[in-house]
Amino acid sequence: MTKPLVAIRSVSKHFGEFQALGSVSLDVWPGEVMCLIGASGSGKTTLLRCVNQLTAIDSGGIWLDGELLGVREEGGRLYRLTERQIARQRLKTGMVFQRFNLFPHKTALENITEGPLQVQGRKSDEVRGEAIELLRRVGLAAKADSYPAQLSGGQQQRVAIARALAMKPMLMLFDEPTSALDPELVGEVLAVMKELAQSGMTMMVVTHELGFAREVADRVVYMDQGAIVESGTASDVLGAPREARTKAFLSAVI
Ligand SMILES: Nc1ncnc2c1ncn2[C@@H]1O[C@H](COP(=O)(O)OP(=O)(O)OP(=O)(O)O)[C@@H](O)[C@H]1O
Ligand SMILES: [Mg+2]
């Protein structure tokens, strides 16, 4: 029996009095593509941010590849890891946001090589070769020397995916990667994500693209008010939802 790559156990998160996540438990299996859907404010981004330790959880635990995130257990007590230790854990995860967070003063190629060179301290010719290969993979071999401002939104987002992949993550998190794009640019980004899914990457994808979820997701998770309401295959959750809240959400978005 393989172990989950991500094990989320009874994770809660409050912002002041407001409960953004209430005892969420979820496993993500190696190679699995999980799509997270749900209304605005249901806690999807918060959950991804907790997995990537951009947001600290209040209680519960998250394990990535068997390693407890953010804290160390010793003698029955928990100690918070240092920022440096957390940064090291974070390297196992790549994240792509709604807005492309590329460095504006660096070319596409330099955006991709930055992390491997500066953070991982790897050799520049090797890193450059890999970056060129990644640009080819996302269909942008000809744009290596372009700056973000010279690229379309879809192209920028594909560079952002290549930049995350350059760090060789074992898990990729996507938070509505296409929702800031003009409709005609959505398909090219989803195509790159689909290829990545088919290559065996483990992915958690927050998306409103139900067509993508239907085609690519191994599992669809519907969240509401900081909780998982329903999860299952895309055909179950999207095609034959059991819960009234899931039905209401789907009938509102389709
Ligand atoms: N830093 C914060 N401080 C206070 N409240 C927050 C913070 N981050 C999120 N929240 C609140 O937590 C709730 C969940 O937010 P979250 O961003 O996870 O929702 P979401 O499902 O990603 O929504 P959307 O589809 O709009 O992106 C929201 O009500 C939000 O206002
Ligand atoms: Mg969000």
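Cut-offs applied
- Residues numbered from 1 in each chain as written.
- Chains lettered and ligands numbered in written order.
- Predicted model: local features only at pLDDT ≥ 70, side-chain atom pairs only at ≥ 80, totals over all residues.
- Heavy atoms only, no water.
- Helix = DSSP H or I, 4+ residues; strand = E, 2+ residues; numbered from the N terminus.
- Rg over C-alpha atoms; globule rule 2.2 N^0.38 Å.
- Contact = heavy atoms within 4.5 Å.
- Areas by Shrake-Rupley, 256 points an atom, 1.4 Å probe, with all protein chains shown as cover.
- Lys, Arg positive; Asp, Glu negative; His and termini not counted.
- Charge placed at Lys NZ, Arg CZ, Asp CG, Glu CD.
- Core = buried A, V, L, I, M, F, W, Y, C linked by side-chain atoms within 4.5 Å.
- Buried < 20%, exposed > 50% of the residue type's maximum accessible area, 1.4 Å probe, protein only.
- Polar contact = N/O pair within 3.5 Å; in protein donor to acceptor, adjacent residues only side chain to side chain.
- Salt bridge = Lys/Arg side-chain N within 4 Å of Asp/Glu carboxyl O.
- Near = heavy atom within 4 Å.
- Pairing = 2+ DSSP bridges.
- Right-handed = clockwise from strand over helix to strand, strands pointing away.
- Phe/Tyr/Trp six-rings, centres within 6.5 Å; stacked < 30°, edge-to-face > 60°.
- Lys NZ or Arg CZ within 6 Å of the ring centre and 35° of its normal.
- Axes fitted to C-alpha atoms, helices over the stretch in contact; angles between N-to-C directions.

Some words on the overall build of the protein
- When helices and strands are tallied, the protein shows 9 helices and 12 strands.
- Its C-alpha radius of gyration of 18 Å places the protein within 12% of the 18 Å reference for a compact globule of 254 residues.
- If one aligns the C-alpha atoms of the protein with their principal axes, the spans along those axes are about 50 × 50 × 40 Å.
- Within the protein, contacts between residues at least 6 apart in sequence are counted, and of these 64% link residues at least 24 apart.
- On the protein, roughly 12200 Å² of surface is accessible, and the fraction owed to carbon and sulfur atoms is 50%.
- In the protein, 29 side chains carry a positive charge and 29 a negative one; their mean positions are 4 Å apart.

Some thoughts on the nonpolar core
- Counting 49 residues, the largest nonpolar core has Ile161, Met172, Phe174, Met193, Met203 and Val220 as its most contacted members.
- With 8 residues, the top contributor of residues to this core is helix 6 (residues 183-198).
- Grouped together as the second largest cluster of nonpolar side chains are 24 residues, Leu5, Ile8, Met95 and Val221 included.

Comments concerning the side chain of aspartate 27
- By secondary structure assignment, the location of aspartate 27 is in strand 2 (residues 18-28).
- Residue aspartate 27 is classed as buried on the basis of its relative accessible area, which comes to 19%.
- At 2.9 Å, the side chain of aspartate 27 forms a polar contact with the side chain of arginine 9.

Let's talk about the pattern of salt bridges
- Counted by the stated rule, this structure contains 15 salt bridges.
- Across the pair glutamate 188 and arginine 158 runs a salt bridge whose closest N-O atoms are separated by 3.0 Å. Of the two residues, glutamate 188 sits in helix 6 while arginine 158 sits in helix 5 (residues 153-165), which places them 30 residues apart along the sequence.
- For glutamate 188, a relative accessible area of 25% gives the class partly exposed.

Quick notes on the site of ligand 1
- Around ligand 1, a shell composed of Phe15, Phe18, Ala20, Ala39, Ser40, Gly41, Ser42, Gly43, Lys44, Thr45, Thr46 and Glu176 is seen.
- The side chain of threonine 45 places a nitrogen or oxygen atom 2.8 Å from an oxygen atom of ligand 1.
- In the environment of ligand 1, an oxygen atom lies 3.4 Å from a nitrogen or oxygen atom belonging to the side chain of glutamate 176.
- With the chains in place, 59% of the 640 Å² that ligand 1 exposes on its own is no longer accessible.
- At 3 residues, the largest contribution of residues to the shell around ligand 1 is made by helix 1 (residues 44-51).

Quick notes on the pairing of strand 10 (residues 202-206)
- Counting buried residues in strand 10 gives 5 out of 5 residues, a clear majority hidden from the surface.
- Of the two faces of strand 10, both are covered, the one formed by Thr202, Met204 and Val206 as well as the one formed by Met203 and Val205.
- Bridging between strand 9 (residues 171-175) and strand 10 involves 5 bridges; their strand directions are parallel. Each bridged residue has a counterpart across the sheet, and for leucine 171 the counterpart in strand 10 is threonine 202.
- In this region the chain leaves strand 9, passes through helix 6 and returns to the parallel neighbour strand 10; the handedness of that crossover is right-handed.

Considerations on the packing of aromatic side chains
- Tallied over the entire structure, the rule returns 1 aromatic pair.
- Ring geometry for tyrosine 222 against phenylalanine 249: centres 5.2 Å apart, planes inclined by 35 degrees, an arrangement best described as tilted. Here tyrosine 222, found in strand 11 (residues 219-224), pairs with phenylalanine 249, found in helix 9 (residues 244-253); they are 27 residues apart in sequence, far enough to count as distant. Per residue, the accessibility class of tyrosine 222 equals that of phenylalanine 249, and both read buried.
- Here the guanidinium or amino end of arginine 163 rests over the ring plane of phenylalanine 103, the centre of that ring lying 5.3 Å away.

Focus: the side chain of glutamine 156
- With respect to the helices, strands and loops of the structure, glutamine 156 is situated in helix 5.
- If we skip the residues at most four places from it in the chain, glutamine 156 touches Phe100, Leu102, Pro148 and Leu151.

As for the sheet that holds strand 2
- Strand order in the open sheet formed by 4 strands is 2-1-4-5, and the pairing between neighbours is antiparallel. Looking at strand neighbours, the two that pair on one side only are strand 2 and strand 5 (67-68), the edges of this open sheet.
- The pairing of strand 4 (residues 59-64) with strand 5 spans 2 bridges and is classified as antiparallel. Within strand 5, the residue paired with leucine 64 across the bridge is glutamate 67.
- On top of the sheet, helix 1 reaches strand 1 (6-15), strand 2 and strand 4; it is set at about 60 degrees to strand 2, its chief contact.

Worth remembering: the numbers are spatial, not functional.
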